[in-house]
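# Geometric and topological summary
Here is how the chains run, residue by residue.
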Amino acid sequence: MASESTRSEAAVREEIIAPILKELGYRSNSVNDIRYELNLRYPRDFLGHKKPTTDPPIRGKADYVCYAGGRVAWTVEAKPSGPDFTIDDVEQAFTYARHPEVRAAYFCLCNGREWRVYATDASAEAPPLRTIDPREPKTAARNLESLLGAAALQTRFAVVAADSLPPIGPGLLSFAQIIGGFTAYDRCTPDLLPMRGLTLSVTGGAIQRLETGGLSVYWQARAPYAPIQRLLERLGLMRAEAFSPANALSDQATNPTVFDGDMSTVFPAGERLYDLSKHEDVVLPFPMDCRLKYRGTGGTGSRAVQRTF
């Protein structure tokens, strides 16, 4: 175990935060769920209408997003045990916690020596609601129970729902994190033999109900080889977004929800691109305008498959 003065952020997560969450009764894939580093579909800070060109990006993400009873969220962000918390640390955690895709009632900062609890409905400059010593998990959990315990949160927020939009499927909120999976390329036009069956590992993403209707999904992926990774990153296919007019995710494996997306990329003359057929980089002799349309299918009762055409 790391000493108090040398704990890294990873050590704070493993040795301090995780035992306290366990003592408080939170477990992954349970009624009091924990999600790790929840990815945001729109990772920018905004109020009202979204403005992708001017909205500032969210800096970082919470290490843990906990859900009391599956609906009341609160977050914990780990910091290394060296310096004290700064106002910048608090502002980052606050901006993430208040994001519409998180909707956390409280946000916490922990550096191994202090655990601070803040109210998200206050300002980033407001003092913490509670500051405790987190080094003994059972004692720390008792000191946090009245604020962050699942029963206390569900009672306190019994009337005010944490999620104001309808669920995207049975047992789900209006948004859900994608923690893993794969995309398999089925076909494309023009037909490229090396693309057939190309499978990418999905490393994260999210699906969300839109206030204007329909569903939006985005995912991040990783290719099995570095040259293919570079090519698909340049094409924009390592982080893709698609939409469906459906009101909810299908629970029928034979009739999944269909998502469609499109994007365009311009490759200037002289750019080096990986040639899948030759397995080497080639220099484009002329500009190339690449327009992509893609389709993904998935649901609560089927595997998701990405198809490009």
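For clarity, every value in this text was computed on a predicted model and none was experimentally measured. (Residues numbered from 1 in each chain as written. Predicted model: local features only at pLDDT ≥ 70, side-chain atom pairs only at ≥ 80, totals over all residues. Heavy atoms only, no water.)

Counting across every chain of the model gives 1 cavity of 30 Å³ or more. Taken as a whole, the largest cavity spans an internal volume of roughly 30 Å³. Every residue lining the largest cavity is listed: Leu38, Asn39, Glu101, Phe175, Ala176 and Ala206. Residues that form the lining of the largest cavity fall into these classes: 4 nonpolar, 1 polar and 1 charged. (1 Å grid on protein atoms, 1.4 Å probe; cavity = no way out; pocket = protein on both sides within 12 Å on 5 of 7 lines; lining within 4 Å. Points joined across faces, edges and corners; volume = space filled by probe spheres on them. Nonpolar A, V, L, I, M, F, W, Y, C, P; charged D, E, K, R; others polar.)

Tallying each qualifying case throughout the model produces 4 aromatic pairs. Ring plane angle 80° and centroid distance 5.4 Å describe the contact between tyrosine 26 and tryptophan 74, whose orientation is recorded as edge-to-face. Separated by 48 residues along the polypeptide, tyrosine 26 in the loop between helix 1 (9-23) and strand 1 (33-36) and tryptophan 74 in strand 3 (residues 72-78) bring together distant segments of the chain. There is no split in this pair, since tyrosine 26 and tryptophan 74 are both buried. Geometrically, the ring pair formed by phenylalanine 94 and phenylalanine 107 is tilted, given 6.0 Å between the ring centres and 55° between the ring planes. Pair noted here: phenylalanine 94 is in helix 2 (residues 87-97) and phenylalanine 107 is in strand 4 (residues 104-110), with a separation of 13 residues, a long-range link. (Phe/Tyr/Trp six-rings, centres within 6.5 Å; stacked < 30°, edge-to-face > 60°. Helix = DSSP H or I, 4+ residues; strand = E, 2+ residues; numbered from the N terminus. Buried < 20%, exposed > 50% of the residue type's maximum accessible area, 1.4 Å probe, protein only.)

With that out of the way, let us pick up the sheet that holds strand 6 (residues 130-132). Here we have 6 strands laid out as an open sheet, ordered 1-2-3-4-5-6, and mixed in their pairing. Strands at the two margins of the open sheet, each flanked by one partner only, are strand 1 and strand 6. Between one strand axis and the next, the sheet turns by 20° as a mean value, whatever way the strands run. Pairing between strand 4 and strand 5 (residues 115-119): 5 bridges, direction antiparallel. Bridge pairing in strand 5 places tyrosine 106 opposite alanine 119. Across the sheet, helix 2 is in contact with strand 2 (64-68), strand 3, strand 4 and strand 5; its angle to strand 4 comes to roughly 150°. (Pairing = 2+ DSSP bridges. Axes fitted to C-alpha atoms, helices over the stretch in contact; angles between N-to-C directions. Contact = heavy atoms within 4.5 Å.)

Counting across every chain of the model gives 11 salt bridges. Note that aspartate 84 and arginine 113 form a salt bridge whose closest N and O atoms lie 3.3 Å from each other. Of this pair, aspartate 84 sits in the loop between strand 3 and helix 2 while arginine 113 is found in the loop between strand 4 and strand 5, placing the two residues 29 residues apart along the sequence. Across the pair arginine 135 and aspartate 133 runs a salt bridge, and its minimum N-O distance is 2.6 Å. By relative accessible area, arginine 135 is classed as partly exposed at 38%. Because the salt bridges share partners, they merge into one network encompassing Glu9, Arg13 and Asp63. (Salt bridge = Lys/Arg side-chain N within 4 Å of Asp/Glu carboxyl O.)

Put simply, helix 1 and helix 3 (residues 137-148) touch, their axes get as near as 9 Å, and they point 60° apart. In this view, helix 1 runs oblique relative to helix 3, as classed from their interaxial angle. You can see that helix 1 and helix 3 cross each other, and the crossing is right-handed. Touching Pro19, Ile20 and Glu23 of helix 1 are Pro137, Lys138, Ala140, Ala141 and Leu144, all from helix 3. Taken together, the residues of the contact of helix 1 with helix 3 sort by class into 6 nonpolar, no polar and 2 charged. (Parallel < 35°, antiparallel > 145°, perpendicular 65-115°, else oblique. Left-handed = near helix turned anticlockwise from the far one by under 90°.)

This brings us to unusual backbone geometry. Phi at asparagine 29 is positive, roughly 60°, even though this residue is not glycine. Assignment of secondary structure puts asparagine 29 in the loop between helix 1 and strand 1. Even without a glycine there, the phi angle at arginine 103 is positive, about 55°. Secondary-structure assignment places arginine 103 in the loop between helix 2 and strand 4.

This part takes up the confidence of the model for the protein. Looking at the protein, the pLDDT average stands at 80 and 83% of residues meet or exceed 70. Element-level mean pLDDT values for the protein span from 39 in strand 16 (residues 302-308) up to 95 in strand 6. Below pLDDT 50 for its whole length, residues 302-309 participates in 35 contacts with residues either more than four positions away or in separate chains. (pLDDT = per-residue confidence, 0-100.)

With 8 of 11 residues buried, helix 2 is to be regarded as a mostly interior element. Those residues of helix 2 that are buried lie in contact with strand 2, strand 3, strand 4 and strand 5.

With 15 residues, helix 1 should reach 21 Å at 1.5 Å per residue; the first-to-last C-alpha distance of 20 Å fits that figure. The largest bend along helix 1 measures about 35° and falls at isoleucine 17, with the proline proline 19 one to four residues further on. On its buried face, helix 1 sits against strand 1, strand 2, strand 3, strand 4, strand 5 and helix 3. Immediately beyond the C-terminal end of helix 1, within one or two residues, lies glycine 25, with a positive phi of roughly 95°. (Expected span 1.5 Å × (residues − 1). Bend = angle between axes of the 7 residues up to and from the residue.)

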